[in-house]
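# Fold and geometry: a report
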Amino acid sequence: MTIIAEAPTRQAYGNTGMAVAAVTPRVRTIAICDDVIASLTEEGVFTLEGVRQRQTAAVFPWRSSLNVFLLLSSARKGRYSGKILVVSDQTDRRVRYVKFVARIHEDNEILPLQVEIGDCEFPEAGRYDFEVYFTGPNGGEALKGEHPFEVTLREE
Amino acid sequence: MTKKPFVPARIAPLQRIVAEPITDPVELAAIDKMRKRLKQKQRIQEAATSRNGGRTNTSRPASRKKA
């Protein structure tokens, strides 16, 4: 099992007086996988199945149902609206845009999150980016993490 | 030097979420616009960093500032 941890990208945008990045959860880990199983005997232990950095397609367009495992942390409890955008690195074309809400019940909590993003339709071989955004209380948004993903054509 | 006390973080149980696809054309257009703006900002920051020899802080050290 491999978990790819990326340093969060701290870029905020929007018409804000306060940096959105500072008041939204920090993304500690991003892993694209088939499934996440919580341990029955140990708290805070998870088995990630089929963690992938790439996907091999037989034909294009190629459809694939993917899960994104996120490990979030936040100094403040609350409900945070997030988005995962899957975009082509070459064409900037959108593949999948989804939204979700993460609930952090206590201050300084670490939240493991399995987000089912559903069917992604990859139009061609290439590199794609999974981008994770969170919305601040004033509506501004911040890019909190990115993960590259490759789609290749199966060789006969 | 005093040792920092270790307080284990609370790890919440795993939350499973089925994300909702964004299909509203207005919302999609707003996201695309927001991404474009962010990329532009990123390019400006990268150009400023490369002009500055990799340093992100553009101010001169106090000792090198002109009086």
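Residues numbered from 1 in each chain as written. Chains lettered and ligands numbered in written order. Predicted model: local features only at pLDDT ≥ 70, side-chain atom pairs only at ≥ 80, totals over all residues.

### Side note on the overall build of chain A
Filter applied, for reference: Runs of E in the DSSP output that reach at least two residues are strands. Runs of H or I that reach at least four are helices, and both are numbered from the N terminus. Burial in this document is a count-based property: other C-beta atoms within 10 Å of a residue's C-beta are tallied, and the residue is buried at 20 or more, exposed at 12 or fewer, or partly exposed in between, with C-beta positions derived from the backbone. By the convention adopted here, residues make contact when the C-beta atoms placed from their backbones lie within 7 Å.
On a plain count of helices and strands, chain A comes out with 0 helices and 11 strands. Overall, chain A shows an N-to-C arrangement of helices and strands of β-β-β-β-β-β-β-β-β-β-β. Looking at chain A as a whole, 35% of its 156 residues are labelled buried. Considering only intrachain contacts with a sequence separation of at least 6, the fraction spanning at least 24 residues in chain A is 69%.

### Here's the deal with the overall build of chain B
Helix and strand counts for chain B stand at 1 helix and 3 strands. Of the regular secondary structure in chain B, the N- to C-terminal order runs β-β-β-α. Looking at chain B as a whole, 3% of its 67 residues are labelled buried.

### Regarding the interface of chain A and chain B
Put simply, the test is: Three categories are distinguished: nonpolar for Ala, Val, Leu, Ile, Met, Phe, Trp, Tyr, Cys and Pro, charged for Asp, Glu, Lys and Arg, and polar for the others, with Gly belonging to the last. We treat two strands as partners when DSSP finds at least two bridges between them.
Of the residues lining the interface, 29 residues belong to chain A; the matching set on chain B comes to 21 residues. Within the residue set of the side of chain A that touches chain B, elements represented by two or more residues are β1 (11–13), β3 (35–38), β7 (78–88), β8 (94–104), β9 (109–122) and β11 (141–153) of chain A. Sorting elements by how many residues they give to the side of chain A that touches chain B places β9(A) first, with 10 residues. Partitioned by chemical class, the residues of the side of chain A that touches chain B number 16 nonpolar, 6 polar and 7 charged. Where β9(A) lies against strand β2 (residues 15–18) of chain B, 4 bridges are found, and the strand directions are parallel.

### Topic: the environment of Thr91(A)
Structurally, Thr91(A) is set in the loop between β7 and β8. Once the C-alpha coordinates of Thr91(A) and Val59(A) are considered, the two residues, 32 residues apart in sequence, prove to be 19 Å apart.

### Remarks on the nonpolar core
All names here are of chain A. To keep it simple, the criterion reads: When buried Ala, Val, Leu, Ile, Met, Phe, Trp, Tyr and Cys residues are joined through C-beta atoms within 7 Å, the set is termed a nonpolar core.
Val68, Leu70, Ile84, Val115 and Ile117 are the most contacted members of the largest nonpolar core, which totals 40 residues. For this core, the secondary-structure elements that each account for two or more residues are β2 (26–33), β6 (62–74), β7, β8, β9, β10 (126–135) and β11. Of the residues forming this core, the biggest block, 7 residues, is contributed by β9. Sequence-distant contacts of Val68, that is, excluding residues within four places in its chain, are made with Ile30, Ile32, Ile84, Val115, Ile117 and Phe130.

### Some thoughts on the confidence of the model for chain A
For clarity, the threshold we go by: The predictor attaches a confidence to each residue, and that confidence, scored 0 to 100, is pLDDT.
On average, residues of chain A carry a pLDDT of 88, and 88% of them reach 70 or more. Segment residues 1–17 of chain A is flagged for pLDDT under 50; beyond a separation of four residues in sequence, or across chains, it makes 51 contacts in the model.

### With respect to helix α1 (residues 25–51) of chain B
Here is the rule we go by: The span expected for a helix works out to 1.5 Å for each residue beyond the first.
Here α1(B) spans 39 Å end to end across 27 residues, near enough to the 39 Å set by a 1.5 Å rise per residue. Among the 27 residues of α1(B), 1 are classified as buried, and the element is accordingly described as predominantly exposed.

### Remarks on unusual backbone geometry
Each neighbour pair has its own omega, and for Phe60(A) with Pro61(A) the value is 0°, a cis peptide bond. With respect to the helices and strands, the residue Pro61(A) is situated in the loop between β5 (54–57) and β6.

### Structural notes on the pairing of β10(A)
Residues and elements named next belong to chain A. Pairing analysis gives 7 bridges linking β7 to β10, with the strands arranged antiparallel. Looking across to β10, one finds that Val87 is bridged to Asp129. In this sheet, β11 lies alongside β10 in antiparallel orientation, the contact comprising 10 bridges. Within β11, the residue paired with Phe134 across the bridge is Ala142. In this antiparallel pair of consecutive strands, β10 and β11, the connection spans 5 residues, and Gly139 shows a positive phi of 95°.

### Observations regarding the confidence of the model for chain B
All names here are of chain B. The share of residues in chain B with pLDDT of 70 or more is 78%, and the mean pLDDT across the chain is 80. Of all helices and strands in chain B, the one with the weakest mean pLDDT is α1 (88), whereas strand β3 (residues 20–21) scores best (97). Contacts of residues 58–67 to residues separated by more than four positions or lying in other chains number 3 contacts, the stretch itself having pLDDT below 50. With pTM at 0.82, the complex prediction returns an ipTM value of 0.82.

### A word on the environment of Val151(A)
Residue and element names in this part refer to chain A. With respect to the element layout, Val151 can be found in strand β11. For the pair Val151 and Glu124, spaced 27 residues apart in sequence, the C-alpha to C-alpha distance is 7.6 Å. For Val151, the contacting residues outside a window of four places in its chain are Arg54, Gln55, Ala57, Trp62, Phe122, Ala125, Gly126 and Tyr128.

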